[in-house]
Each structure stands twice: as C-alpha cells, then as structure tokens.
Amino acid sequence: MHPRALVMAAALLITLPTAAAGLRDLAQAAGIHFGTAVNVEALNTDAAYAHLLAREFNLVTPENAMKFTVVHPERERYDFTQADALVAFAEAHAMQVNGHVLVWHQQLPDWLMQGQFSQDELKAILREHIQTLVTRYRGRVASWDVAAEAVGEDGQPRDTFWSRGIGPDYLALAFRWAHEADPQAHLRYNDYGGEGAGAKADGIYRIVADLRWQGVPIHGVGLQMHVSPDDAPPSKDLRANLQRLAALGLATHISEMDVMLPVPASRANLNKQAVIYRDTLKVCLAQPQCRSFSTWGTTDRYSWIPEYFPGKGAALLFGEDGQPKPVYESVRRVLRAARASKR
Ligand code: XIL
C-alpha cells in the first residue's frame, strides 16, 4: 500500500470509532465513568440488551445479583452464578464493576432475619459475608457499595436490622472488613433522597464525615438520584452538596439515576426529563471529585420503577424498544462538550 494510503487508513481507524462512539467513549474522554445497573437475567437472555450495555456503558452495578438474598440464600451456602456472569461480561467488555451492596436493611434472607442471633454472631456473619464477596472478586470489582441507606428521612441514623443487632459501629466495621479483604477497592457509602439540600443530605454528610474523622477506610459517596420532575434537586444544591463531600476528601458518584414520569409519558415530560439528566451530569462533570454517573437500568423495559411506583415509568435513557429517547441526545451533547483537560 502507498504510504499515504496507509496514513489515511490509520486516520480512518482513529476517527471511525468516534463517529460511532457510545456514551462510554465520550464519558471516558470527559474523565468519568458512565454506568448502569444490570439485570443479569436480561443479560443472559436478551442479546439486544447485552449489546446496548457493551456499547454505551463502561461501569456496571449488579441490580440484584450481589444482594444478600441472591448471593447468600442460606447460612452455609453462597450462590455466585449471577454475580460471576456479570463480572465475566464486564471483563469481556472492558467495563468496571461496582459491587452492590454489602450492608443494607433490604433484601435480606429469612434465615438471617429470623435467626435470633446474638450481637457477636451477627458480627461474625456480616464479617464473613463481606469478606467472602470482596475476597472472591478482589482485583475484579473495582468499587463496592459497602453500606447503603443508613440514614432516615429525618436525617438521623436509621434504625435497622443491622444497627439494632450490631450497634451503631456496624458501619465502621463493615468498611474496615471490606478494606481488609481488598485494600485496593474503592469503598462507597450509597443513599437516596439526600442529593440536594435538607435534613437527609445533612444526615448523610454527618455519617460519612464521622467515618472519615474516625479514620475508617471510606473513599466515596454515591448519591442515587431516583427523582421525578417534581422533586429533582436544584443544580445549585447538588453542586454545594458534592463540594462539601469532596472537601472531606471523598469521591462522589451519581450512582443510580432515573427520572420517573407519569406513563404514558408526555412529550413535555420527556423534555423535562432530558433537562434534569443534563443538568445533573453537568454538575458532576464540573466537580473534579465526581467520578462516575450511573443510571439505574438501560431500557425502560427492565426498569424497576413501574413495579415500585405504580403509574410511573419511562425513567431511563432508552425506551421499551431499546431506542434512544430525547434524554439520550441531551446526555450525549453534554458529554461531548466536556473535555478531559477540564478535569
Ligand atoms: C431495586 C431493584 O432495582 C429491584 O429490582 C429490586 O426488586 C429492589 O431493589 N436503591 C438501591 C437499589 O440501592 O438496590 C434498589 O434496587 C433501588 C433503590
């Protein structure tokens, strides 16, 4: 081949992937990870779903596959079938995995909740649970949601199975145990409803600040961002919240974003949704400590919203048919405008 033809072919190779770039490539150029929750059953059965995941995202969180009920269904038995499938898929497509979730008061199995365990037994169970998962995926799962939703709506520590059974230091213990099992892993606290201003955001701040001041190995905070056009936090409040968390030396993450709408969704609401996603992503991109932006699902077909919020749905970037919605284009535009050099 003529040398100039070679150069042109090389240039084509470089420019072609950009022309077809998914959000993951644009996000990478902008210096963040772009993620989603993954439904492993869909991953195993729906090729179009798997294709969409690999094209658009470079960070995945198992929607349910690593939760206590799924992964540890009996005291002496773990089931890693789904979790292993997800991690293998992520590795095959150069995606990071965020493990989810080690200490949470939901989706706990009956053997645990009805077991009448003493404080010491519960500590031993939780330690073994955490260290079994984190050790198994050491070096393969880059970050963990170690603890979630430990703050109540009033901003006070939530009274839960774990806080009652182990005592208030269960959070510090969980982070220490996870860190022991994988000292390289990025350990996060994850919560909802505390993205902007208010009692809950302050409660989350107090809990993570307290862990930092105790020297507990916590590295990041995930703000879930399950919102609707009626209650999405103003950008200025989200910005201030991300800034104060960053000032504690913590990374931040928009960890589970979806914007639920009354269904069928009106054009006006789809446009509002696009604006809310766009503004949230902009705030994250402008804050150097904001490392990732994840949605809680890919297509509206597999979203958790219709089941948990009857009459609501259409919350994600892709429609039931897997096609991009108006919000997709607005997210894409923001990512494209962002430059790695800014971060
Ligand atoms: C949800 C899943 O999406 C559902 O499939 C499941 O039935 C219940 O949990 N915050 C979280 C997630 O951190 O783990 C929740 O996931 C949604 C709210």
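To start, this report covers the structure provided alongside it.

Rules and cut-offs
Residues numbered from 1 in each chain as written. Predicted model: local features only at pLDDT ≥ 70, side-chain atom pairs only at ≥ 80, totals over all residues. Heavy atoms only, no water. Helix = DSSP H or I, 4+ residues; strand = E, 2+ residues; numbered from the N terminus. Contact = heavy atoms within 4.5 Å. Phe/Tyr/Trp six-rings, centres within 6.5 Å; stacked < 30°, edge-to-face > 60°. Buried < 20%, exposed > 50% of the residue type's maximum accessible area, 1.4 Å probe, protein only. Lys NZ or Arg CZ within 6 Å of the ring centre and 35° of its normal. Near = heavy atom within 4 Å. Polar contact = N/O pair within 3.5 Å; in protein donor to acceptor, adjacent residues only side chain to side chain. Nonpolar A, V, L, I, M, F, W, Y, C, P; charged D, E, K, R; others polar. Pairing = 2+ DSSP bridges. Core = buried A, V, L, I, M, F, W, Y, C linked by side-chain atoms within 4.5 Å. Axes fitted to C-alpha atoms, helices over the stretch in contact; angles between N-to-C directions. Left-handed = near helix turned anticlockwise from the far one by under 90°.

1. As for the side chain of glutamine 131
Here's step 1: Its place among the elements puts glutamine 131 in helix 8 (residues 119–136).
Here's step 2: Residues in contact with glutamine 131, not counting those within four places in the same chain, are Arg136, Trp177, Glu180 and Ala181.

2. A closer look at the packing of aromatic side chains
Here's step 1: For the structure on display, the rule yields twelve aromatic pairs.
Here's step 2: Between the aromatic rings of tyrosine 49 and tyrosine 302, the centroid separation amounts to 5.0 Å while the plane-to-plane angle is 75°, which identifies the pairing as edge-to-face. Of this pair, tyrosine 49 sits in helix 4 (residues 47–56) while tyrosine 302 sits in the loop between strand 10 (290–295) and helix 14 (305–308); the two residues are 253 residues apart in sequence, bridging distant segments of the chain.
Here's step 3: Residue classification places tyrosine 49 among the buried residues on the basis of a relative accessible area of 3%.
Here's step 4: A ring pair is formed by tryptophan 111 and phenylalanine 117, whose centres lie 6.3 Å apart and whose planes are at 80°; its orientation type is edge-to-face.
Here's step 5: Residue tryptophan 111 is classed as buried on the basis of its relative accessible area, which comes to 17%.
Here's step 6: Members of the aromatic cluster, connected to one another through ring pairs, are Phe68, Trp111, Phe117, Phe161 and Trp162.
Here's step 7: The ring of tyrosine 192 has lysine 200 sitting right over it, with the charged end atom 3.5 Å from the ring centre.

3. So, unusual backbone geometry
Here's step 1: Cis rather than trans, the peptide bond between histidine 100 and valine 101 has omega equal to 10°.
Here's step 2: Relative to the helices and strands, valine 101 is located in strand 3 (residues 96–103).
Here's step 3: Following valine 263, the chain continues into proline 264 via a peptide bond in cis, with omega recorded as -5°.
Here's step 4: Looking at the secondary structure, you find proline 264 in the loop between strand 9 (261–262) and helix 13 (267–286).
Here's step 5: Notably, alanine 94 is not glycine yet its phi reads approximately 50°, a positive angle.
Here's step 6: By secondary structure assignment, the location of alanine 94 is in the loop between helix 6 (81–92) and strand 3.
Here's step 7: Although it is not a glycine, glutamine 107 sits at a positive phi angle of roughly 50°.
Here's step 8: Considering the arrangement of structural elements, one finds glutamine 107 in the loop between strand 3 and helix 7 (110–113).

4. Re the site of the ligand
Here's step 1: As a structural note, the neighbourhood of the ligand is formed by 13 residues, with Glu63, Lys67, His100, Glu256 and Tyr308 the closest of them.
Here's step 2: Within the side chain of histidine 100, one N or O atom sits 2.7 Å away from an oxygen atom of the ligand.
Here's step 3: Here glutamine 224 contributes a side-chain N or O atom positioned 3.2 Å from a nitrogen atom of the ligand.
Here's step 4: Classifying every residue of the shell around the ligand by side-chain character gives four nonpolar, five polar and four charged.

5. Concerning the pairing of strand 3
Here's step 1: Within strand 3, seven of the eight residues are buried, which leaves the element mostly enclosed by the surrounding structure.
Here's step 2: Looking at chain direction, strand 2 (residues 59–62) and strand 3 are connected through two bridges and run parallel. Opposite valine 60, over in strand 3, you have valine 97 as the bridge partner.
Here's step 3: Note: strand 3 against strand 4 (residues 143–148), four bridges, orientation parallel. Its bridge partner being in strand 4, glycine 99 is matched across the sheet by tryptophan 144.

6. Quick word on the nonpolar core
Here's step 1: In terms of nonpolar packing, the biggest core is built from 102 residues, with Leu112, Trp144, Trp162 and Leu335 touching the most fellow members.
Here's step 2: It is helix 10 (residues 170–181) that provides the largest number of residues to this core, a total of nine residues.
Here's step 3: Apart from residues lying up to four places away in sequence, tryptophan 162 is in contact with Phe68, Val103, Trp104, His105, Leu108, Leu112, Leu122, Leu126, Gly167 and Tyr170.

7. So, the packing of helix 8 against helix 10
Here's step 1: In the contact formed by helix 8 and helix 10, the axes pass within 9 Å of each other and the chain directions differ by 35°. As for how helix 8 packs across helix 10, the hand of that crossing is right-handed. Residues Lys123, Leu126, Arg127, Ile130, Gln131, Val134 and Thr135 of helix 8 form the contact with helix 10, whose own contacting residues are Leu173, Ala174, Trp177, Ala178, Glu180 and Ala181.
Here's step 2: Considering only residue class, the contact of helix 8 with helix 10 consists of eight nonpolar, two polar and three charged.

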